[in-house]
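# Residue-level structural notes
Residue-level listing of the chains:
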Amino acid sequence: MQGLPPATGPALPPPAAGPGFPPGTVGLGLPPVLPEPSLPLKRPRRWLPLLLAIVVVGGSALGMLGYLGWKIGPLAFGVGLAAALLPVPVLIAVFLWLDRYEPEPPKLLVISFLWGAFPATLLALGVNSFFSGWLNVVTLPDAVVATVVAPFIEELGKAAFPLWILWRRRRELSGITDGIVYCGLSGVGFAMVENILYLGGHGFYSGNEQWGPYSGAQLVFGMFLGRILISGFAHPLFTSMTGIGIGIAARSASSWVRWCAPVGGLLLAMMLHGSWNLMATLSAEISPYFFLYGYIAVMVPVFLSMIGVALWVRAREGRLALQVLPAYAIAGWLTPPEVAAMGTLARRHAARVWAGRVAGEPGRKAMKEFQFAATRLALVRDGMNRGLDETSADQDRSIAEERDLLQVLGTTRAVFVGRDPQVPPAFFDGTAYRMTFPDGVARTVPMPAEPVVPVPVLLPPPAPAYPVYPPMPGYPYPPQPYYPPQAV
């Protein structure tokens, strides 16, 4: 915090002696020292599941790509791969755009996509081949395989890794948005590999074998219009139903909901998938109008409804910050302007622009980290209020994470606070601001209804009692002041 101008607002009374202040420094304006957690937490080993995921995904990738290359040949495989990759960046960007409030760990996002692309497709290929009679073991009609077997095994395979995240890494899931993102990326990966088979095998390979490369290219173009431009959302849409169930289960303290929500979402995904395949089957065997009517009357409304749900649950993360973080403002850890700036993505962008203007690129990055930590803090406190921590170890982990996030807030805030010459020195007394104007007179300014950027303020000592949520969030760790120590 070196280099920041000293505060010139009205002097605050020295804080009373208490926990968190080094001996002999009370009243000197030094920031308190956050104590270490009373119970050191044992961090679980993360490398073993990651290594297992790499082995499974890598082995499945080699098996699936090898099968496709052998089945349709290198040329058709290259054509199918090029065509199937075109929509992937757009679809991935859509799901990452949904995950802007509290982005998920990149490694889990990558594994979700690769899981859907290779292990899920390899499992579906093996089971569908088994029941289609390709292995001369069990033979079922193609219509039964398409409408019953394929939806069951494909949706189960795509959802396997997101379900594992719910089981083993539930704290990584902040709600329905995260469930939709993980399952949607798995669906995108599955659709990509399936499109390689259809576009390269049933399209270019079949046309090239019978009528030459020109006819093969025509078939690829026609399938591209149907499978990607018209129905490219199908697999991500189906699997997102499971994601809704996973997100509901992740934020529920009821064991009944934790079991029933993912199962219900998975069954809904299977039903939609089966209906989609049934429309295609009836269209091929009876009349093409079956698919047209089903597409317009069923799938398009479901798709538009899913867009509405996704946007609503994403906005809810901003509303959650406005609901939970005021408790920390009352306790003295945040100011109302900082809380208000967390409410929408537009306000967050305005805060980052302001921080970049007053502190350069380091300020912008610090504000981005500040916003991420504040969002995560709201989720942790919301989980504590909901009773999501069932064991004492989970409760200790939440307390330790809350403490770490509060430290991050103080550290990142120091990068951009006190550097804006356009904002007069001020402090917040709980109801209004005491601002020192250019004429040197300190005046009381009412708090604005919806401030959109943080105001550099000097916080008073936290209130001794906290009437909103017991226990008081962030305690017994006293908050750090906004400004560096004043000259004495």
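See above for the structure.
Position numbers for residues count from 1 along each chain, tracking the sequence in the order it is written. For this predicted model, a pLDDT threshold of at least 70 governs which residues receive local features, and a threshold of 80 or more governs which side-chain atom pairs are given and counted, while totals over whole chains, interfaces and linings are taken from all residues. Calculation of side-chain values draws on the structure's entire complement of heavy atoms; hydrogens and water are dropped beforehand.

## A few points about the nonpolar core
- By convention a nonpolar core is built from buried Ala, Val, Leu, Ile, Met, Phe, Trp, Tyr and Cys residues, the set being connected through side-chain atoms within 4.5 Å. Only protein chains enter the calculation, and the probe is 1.4 Å; a residue is then buried if its accessible area is under 20% of its type maximum, exposed if over 50%, and partly exposed in between. Counting 58 residues, the largest nonpolar core has Leu 173, Ile 180, Met 192, Val 193 and Trp 276 as the members making the most contacts within it.
- With eleven residues, helix 6 (residues 176–211) is the single largest residue contributor to this core.
- In this view, Ile 180 contacts Phe 95, Leu 98, Ser 240, Gly 243, Ile 244, Met 306, Ala 310 and Val 313; residues no more than four positions away in its chain are not counted.
- Core analysis: the next-biggest nonpolar cluster, separate from the first, contains 31 residues, Trp 354, Ala 359, Ala 366 and Leu 409 among them. Secondary structure elements are taken from DSSP: a helix is a run of H or I of four residues or more, a strand is a run of E of two residues or more, and numbering for both begins at the N terminus. The contact criterion used throughout is that any non-hydrogen atoms of two residues lie within 4.5 Å.

## A word on the side chain of Asp 382
- By the secondary structure assignment, Asp 382 is in helix 13 (residues 345–386).
- Contacts of Asp 382, omitting those with residues within four sequence positions, involve Arg 251, Leu 320 and Val 324.

## Digging into the packing of helix 3 (residues 106–117) against helix 4 (residues 119–131)
- To obtain each axis, a line is fitted to C-alpha atoms, and for helices this fit is confined to the stretch in contact; angles are then taken between N-to-C directions over 0 to 180 degrees. Interhelical geometry of helix 3 versus helix 4 gives an angle of 20° and a closest axis separation of 3 Å. It follows from the interaxial angle that helix 3 and helix 4 lie roughly parallel. Contacts from Leu 114, Trp 115, Gly 116 and Ala 117 in helix 3 reach Pro 119, Ala 120 and Thr 121 in helix 4.
- All residues other than Ala, Val, Leu, Ile, Met, Phe, Trp, Tyr, Cys, Pro, Asp, Glu, Lys and Arg, Gly among them, are scored as polar; the first ten of these are nonpolar and the last four charged. Of the residues contributing to the contact of helix 3 with helix 4, the split by class is five nonpolar, two polar and no charged. To sort the angles, those under 35 degrees are grouped as roughly parallel, those over 145 as roughly antiparallel, those from 65 to 115 as roughly perpendicular, and the leftovers as oblique.

## Section: the pairing of strand 2 (residues 432–436)
- When you tally the buried positions in strand 2, you get four out of five residues, the bulk of the element.
- Pairing geometry for strand 2 and strand 3 (residues 442–446), over five bridges, is antiparallel. Residue Ala 432 lies in a different strand from strand 3, and its bridge partner there is Pro 446. One requirement defines pairing of two strands: DSSP has to find at least two bridges between them.

## Some thoughts on the pattern of salt bridges
- Whenever Lys or Arg places a side-chain nitrogen within 4 Å of a carboxyl oxygen from Asp or Glu, that contact is recorded as a salt bridge. Taken as a whole, this structure holds 15 salt bridges when the rule is applied.
- When the shortest N-O distance is used, the salt bridge between Glu 155 and Lys 158 registers 2.8 Å. Of this pair, Glu 155 and Lys 158 are both found in helix 5 (residues 142–168), three residues apart, which corresponds to roughly one turn of the helix.
- Across the pair Asp 382 and Arg 386 runs a salt bridge whose closest N-O atoms are separated by 2.7 Å. Placement of the pair is Asp 382 and Arg 386 together in helix 13, with a separation of four residues, close to one helical turn.

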